[in-house]
Amino acid sequence: MKMEFLGDSSETDKKTMKKKRFHRHTPHQIQRLESAFNECQHPDEKQRMQLSRELGLAPRQIKFWFQNRRTQKKAQHERADNCALKEENDRIRCENIAIREALKHTICPTCGDAPVHEDSYLDEQKLRIENAQLREELERVSNIAANFMGRPLSHLPPLLNQMPRELLHSGPSLDFDLLLGSSSSMPVPTLPSQPNLVLSGIDKSLMNNIAVTAMEELLRLTQTNEPLWIKTDGARDVLNLESYENMFPRSSSRAGKNHNVRVEATRSSGVVFTNAMTLVDMLMDSVKSAELFPSIIAASKSIAVVSSGLRGNHGNVLHLMLEELQVLSPLVPTREFSVLRYCQQIEHGTWAIVNVSYEVPQFMSSSRSYRFPSGCLIQDMSNGYSKVTWVEHVEISEQEPVHEVFKDYVREGLGFGAEIWIATLQRMCERFTALLEPTISSLDLKGVIPSLEGKRSIMKLAQRMVSNFCLSVGTSNNTRSTVVSGMNEFGIRVTSYKSQHEPNGTVLCAATSFWVPVSPHIVFNFLKDERTRPQWDVLLNGSSVQEVAHIANGSHSGNCISVLRGFNESSSQNNMLILQESCVDSSGSLVVYTPVDLPALNMAMSGQDTSYIPILPSGFAVLPDGKGNNQLAEIKAEGGGSGGSLITVGFQIMVSSLQSGKLNMESMETVNNLISSTVHHIKITLNCPSTA
């Protein structure tokens, strides 16, 4: 037994010694293995055999060493990732705590109270319960009133229709207090009242994806030159459709085989006297953008906020909007779009705003226009200026054809192209700067307007006048005007609307367009100059006028506001006053005027509120005819241009002092004769044939 025990102990010791035996690699072997590991972490059998012969190790040892080394490296990476994630988690936790603390001290900018931190679902349920209670109360009161009156009450109209129009606009107006809706006697350039669209989470996700893709396309369009963009003879950037289809194949498949579809795509850039943030704020607001482009935007409305972005910042803001664009002529149909408008900050001081069509059947059943990714890139130049690059890319199905006179103008991309957006933006920003200019030149004002407040009041009244005129001469049906007569044998379109100011009544608007073989520069100077005014203004009966006040509102001498006084030789009293604004840029020009009585003008000159002064704007829009490829370039370079001109003339007259007054044939004949006589006088003076 003892011998067996000793024998067993000896066997156990030998096994233990055998288990503890291991081989330690030399520094040279480790260095060589590390070098091989850095070159290839998974050596094949041939490489392992080579290392085995080189280092005097078994191939199995080489294999196990590489396995252990890979495991060690993976563990090191996991530890590093865990440390990084822990640090990120700690940072986010600290930010969360800071945000929660900040929310405890926030103040609502609307009501000035602290926000109520409750669950949004509970808030919605409370509102539903409250609405149900209000409906029951309304039903109860209606039944009592019906019993008292002896007949059932009709449903009450929506409260929104009874509220003041200016309260319906979301957000403030321009910084310059030029809110069109609060002062114009013409209907506001917004689309008819529509309920806000309720969007599901899937809808919002789809819209966000479309907007992000459109933004990527816009950035490439603004930053890429040839061969994507082709320079025309007039140095205009026109899209190369073949290159575009190769670069963005998904967009080109929309038109299919429809040969009635026409594509317009242009690009333009310019320097604007406004900082980038102010521009972004104006362009992302439907009311402000309509005020900024009164000659282009006939109506605009935001129907849904898909994404509100960051608080106090327009970055990643996404709106669903309805927009109607116009040319200032009764001969050109408007273009209606349902678009997603998305704003993104690209880098510090650089913003991009993209518009892309998103069809909403309940708002637009059959749109003839489709907007591919269009918009602008805004770069702050840190000196109060901004560089703006604008892209307009649309697809048009002309179910309602453009009049032959305007065909070249529209098809060359002049009517709705990028150039007109840039030119109008530059001119309007100069105007707003002049409005805020603190210095007053007594020479300009000729001593008539005594104060800065008076200057601003006159400029606001003129802005309302121009906006009113632009709405009256176009073809928009969304201004709540009534089309009294379409294009008659004289090419005159007549509409009417109810005046919102004293004297209350019906206002008749008549407009027509015609072509003259005279450059836009000459036509503008002829219509603007008070010395030549008696040659075309049939209401003056040959009497002269004198400028008694002058306000410059732009770098061009033609951009100004004037107060004119008429002299009637048959009367000893010269109390006829005319407020006139003229504006000109590379895309065209405007001369708009309205008669104003002396007490009302004195009120404006003293700086009082002008929103209740009644106005009946008339005037002219002068556009290049588009027959020359380089016509716009000539206008920019020389201030003139050599082509012909498209002139739109519009008049407004009060035909009835009663809101319910009916239009009669005498009123129609009066306004037709007024326009026909004015057109005849203009053609005779400019030596144009009567058939032009």
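Residues numbered from 1 in each chain as written. Predicted model: local features only at pLDDT ≥ 70, side-chain atom pairs only at ≥ 80, totals over all residues. Heavy atoms only, no water.

Enquirer: Could you give an account of the packing of helix α14 (residues 452-473) against helix α16 (residues 598-605), with specific residues and numbers?
Expert: In contact at an axis separation of 7 Å, α14 and α16 are set at 125 degrees when each is read in the N-to-C sense. Here α16 runs oblique to α14, going by the angle between their axes. Counted together, G454, S457 and I458 of α14 and L601, A604 and M605 of α16 form the full contact between these two elements. Grouping the amino acids of the contact of α14 with α16 by side-chain chemistry returns 4 nonpolar, 2 polar and no charged. (Axes fitted to C-alpha atoms, helices over the stretch in contact; angles between N-to-C directions. Helix = DSSP H or I, 4+ residues; strand = E, 2+ residues; numbered from the N terminus. Parallel < 35°, antiparallel > 145°, perpendicular 65-115°, else oblique. Contact = heavy atoms within 4.5 Å. Nonpolar A, V, L, I, M, F, W, Y, C, P; charged D, E, K, R; others polar.)

Enquirer: Which residues make up the confidence of the model for the protein chain, and what values do they have?
Expert: Averaged over every residue, the pLDDT of the protein chain is 77; the share at 70 or more is 72%. Below pLDDT 50 for its whole length, residues 1-9 participates in 0 contacts with residues either more than four positions away or in separate chains. (pLDDT = per-residue confidence, 0-100.)

Enquirer: Residues and numbers for the environment of T678, please.
Expert: The residue T678 is located in helix α18 (residues 665-685) in this model. According to the relative accessible area criterion, T678 is buried, its value standing at 1%. Taking the C-alpha atoms as reference points, T678 and L539, separated by 139 residues in sequence, lie 9.4 Å from one another. Ignoring sequence-local partners within four residues, the contact set of T678 consists of W536, V538, F620, V649 and F651. (Buried < 20%, exposed > 50% of the residue type's maximum accessible area, 1.4 Å probe, protein only.)

Enquirer: Explain a nonpolar patch on the surface to me, and be specific about the residues and the numbers.
Expert: Taken together, the side chains of V271, F273, M381 and Y385 make up a nonpolar region of the molecular surface, amounting to roughly 320 Å² of accessible area. One can find Y385 in the loop between β9 (374-380) and β10 (386-397). By relative accessible area, Y385 is classed as partly exposed at 32%. (Patch = residues over 30% accessible without salt bridge, like charges linked within 9 Å, V, L, I, M, F, W, Y side chains within 5 Å. Areas by Shrake-Rupley, 256 points an atom, 1.4 Å probe, with all protein chains shown as cover. Salt bridge = Lys/Arg side-chain N within 4 Å of Asp/Glu carboxyl O.)

Enquirer: Account for the packing of aromatic side chains, naming residues and giving values.
Expert: Considering all chains together, one arrives at 12 aromatic pairs under this definition. Between Y244 and F248, the aromatic rings sit 5.1 Å apart at their centres with planes inclined by 45 degrees, giving tilted as the arrangement. In this structure, Y244 and F248 share a single accessibility class: buried. Their ring planes at 65 degrees and their centres at 4.9 Å tell us that F293 and W421 sit as a pair that is edge-to-face. Here F293 is found in the loop between α10 (286-292) and β4 (297-307), whereas its partner W421 is found in helix α12 (residues 418-436), with 128 residues between them in sequence. Since its relative accessible area comes to 3%, W421 is described here as buried. The ring centre of F337 lies 5.3 Å from the NZ or CZ of R371, which sits over that ring. Above the plane of the ring of Y593 lies R533, whose end atom (NZ or CZ) is 4.2 Å from the centre. (Phe/Tyr/Trp six-rings, centres within 6.5 Å; stacked < 30°, edge-to-face > 60°. Lys NZ or Arg CZ within 6 Å of the ring centre and 35° of its normal.)

Enquirer: Can you break down the packing of helix α2 (residues 27-39) against helix α4 (residues 59-103) residue by residue, with the values?
Expert: Contact pair α2 / α4: the axes reach a minimum separation of 11 Å and the direction vectors enclose 65 degrees. α2 and α4 meet at a crossing whose hand is right-handed. On α4, the residues touching L33, E34, A36 and F37 of α2 are I62, W65, F66, R69, R70 and K73. Class assignment of the residues belonging to the contact of α2 with α4 gives a composition of 6 nonpolar, no polar and 4 charged. (Left-handed = near helix turned anticlockwise from the far one by under 90°.)

Enquirer: Describe in detail α18, supporting the description with residues and values.
Expert: Residue pairs three or four apart in sequence face the same way in an α-helix, which turns once every 3.6 residues. Given a rise of 1.5 Å per residue, 21 residues ought to cover 30 Å, and the 30 Å separating the end C-alpha atoms of α18 matches this to within 8%. Among all positions in α18, only S667, M668, V671, N672, L674, I675, T678, V679, I682 and K683 are buried. One side of α18 carries all its buried residues, which in axial view fall inside an arc of 155 degrees. Exposed side of α18, more than 90 degrees from the buried face: M665, E666, E669 and I684 are the residues found there. Following α18 by one or two positions, N687 adopts a phi angle in the positive range, close to 60 degrees. (Expected span 1.5 Å × (residues − 1). Arc of directions from axis to C-beta.)

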